[in-house]
Amino acid sequence: MKYLLETERDHRAHLVTLMCCMDERDRVQKKTFTKWINQHLFKVRKHINDLYEDLRDGHNLISLLEVLSGDTLPRERGRMRFHRLQNVQIALDYLKRRQVKDLFMVIFRFLFYLVIGKMP
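Residues numbered from 1 in each chain as written. Predicted model: local features only at pLDDT ≥ 70, side-chain atom pairs only at ≥ 80, totals over all residues. Heavy atoms only, no water.

## Notes on the overall build of the protein chain
Line of reasoning, step 1. Looking only at helices and strands, one finds five helices and zero strands in the protein chain.
Line of reasoning, step 2. When the helices and strands of the protein chain are placed in sequence order, the string is α-α-α-α-α.
Line of reasoning, step 3. Expressed as a percentage of the 120 residues in the protein chain, the buried residues total 28%.
Line of reasoning, step 4. When contacts within the protein chain are restricted to residue pairs at least 6 apart in sequence, long-range pairs at least 24 apart make up 42% of them.
Line of reasoning, step 5. Working note: accessible area of the protein chain is about 8,800 Å², and carbon and sulfur atoms make up 57% of it. (Helix = DSSP H or I, 4+ residues; strand = E, 2+ residues; numbered from the N terminus. Buried < 20%, exposed > 50% of the residue type's maximum accessible area, 1.4 Å probe, protein only. Contact = heavy atoms within 4.5 Å. Areas by Shrake-Rupley, 256 points an atom, 1.4 Å probe, with all protein chains shown as cover.)

## Brief notes about unusual backbone geometry
Line of reasoning, step 1. Of note, Arg45 is a non-glycine position whose phi angle comes to about 55°, a positive value.
Line of reasoning, step 2. Looking at where Arg45 falls in the secondary structure, it is placed in the loop between helix H1 (2-41) and helix H2 (51-54).
Line of reasoning, step 3. Owing to a relative accessible area of 81%, Arg45 belongs among the exposed residues under this scheme.

## A closer look at the confidence of the model for the protein chain
Line of reasoning, step 1. For the protein chain, the mean per-residue pLDDT works out to 78, and 64% of the residues sit at or above 70.
Line of reasoning, step 2. Looking at the elements of the protein chain, mean pLDDT is at its lowest for helix H5 (residues 103-116), recorded as 64, and at its highest for helix H3 (residues 59-69), recorded as 91. (pLDDT = per-residue confidence, 0-100.)

## Re the nonpolar core
Line of reasoning, step 1. Ranked by size, the top nonpolar core spans 16 residues in total, and within it Ile37, Ile48, Leu55, Leu65 and Leu73 carry the most contacts.
Line of reasoning, step 2. With six residues, helix H4 (residues 81-97) is the largest single contributor of residues to this core. (Core = buried A, V, L, I, M, F, W, Y, C linked by side-chain atoms within 4.5 Å.)

## Concerning H4
Line of reasoning, step 1. The end-to-end C-alpha distance of H4, which contains 17 residues, comes to 24 Å, matching closely the 24 Å that a straight helix rising 1.5 Å per residue would cover.
Line of reasoning, step 2. Taken together, the buried positions of H4 are His83, Asn87, Val88, Ile90, Ala91, Leu92, Tyr94 and Leu95.
Line of reasoning, step 3. Directly beyond the C-terminal end of H4, a positive phi value near 55° is found at Gln99. (Expected span 1.5 Å × (residues − 1).)

## What about the side chain of Asn60?
Line of reasoning, step 1. Mapped onto the secondary structure, Asn60 falls in helix H3.
Line of reasoning, step 2. Sequence-distant contacts of Asn60, that is, excluding residues within four places in its chain, are made with Leu41, Lys46, Ile48, Asp54 and Leu55.

## Here we look at the packing of aromatic side chains
For any pair of aromatic rings, geometry is given as the distance between the ring centres together with the angle between the planes.
Line of reasoning, step 1. Under the defined criterion, the tally for this structure stands at one aromatic pair.
Line of reasoning, step 2. Considering the side-chain rings of Phe33 and Trp36, the 5.6 Å spacing of their centres and the 10° angle between planes classify their relative orientation as stacked. Of the two residues, Phe33 and Trp36 both sit in helix H1, three residues apart, roughly one turn of that helix.
Line of reasoning, step 3. Residue classification places Phe33 among the partly exposed positions, given a relative accessible area of 21%.
Line of reasoning, step 4. A relative accessible area of 29% means that Trp36 is categorised as partly exposed. (Phe/Tyr/Trp six-rings, centres within 6.5 Å; stacked < 30°, edge-to-face > 60°.)

## Here we look at H3
Line of reasoning, step 1. Across the eleven residues of H3, eight count as buried, placing the element largely inside the fold.
Line of reasoning, step 2. Along H3, the residues classified as buried are His59, Asn60, Leu61, Ile62, Ser63, Leu64, Leu65 and Glu66.
Line of reasoning, step 3. Within two residues after H3, Gly70 carries a phi angle of roughly 85°, on the positive side.

## Remarks on the side chain of His83
Line of reasoning, step 1. Within the element layout of this structure, His83 appears in helix H4.
Line of reasoning, step 2. Beyond its immediate stretch of four places on either side in the chain, His83 contacts Asp57, Glu76 and Gly78.

And the structure:
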């Protein structure tokens, strides 16, 4: 019984260590991606502080796509949830039309999830 408790304790300690490592990795990836986005948004005098919050309304997403592609995209000007969803949808539709796959689709699907709470 004592061995079982020690094993259980070791297992829990190992899980806590893994979760801390995952949190650190997520933090580093978020910081890195935020810097990458800001390098591009700087060209249009925009800046994000929080990757998740500042991309939710779709305006910065569209600006990022415009900088990366050189194209001009339409956007909704309102601040209601509907407008945010429309802007993210504009970004997703643009990527689909351009047949951009893999990395950008994964990223933008995740961002779409952040805005509406479910995957498209």
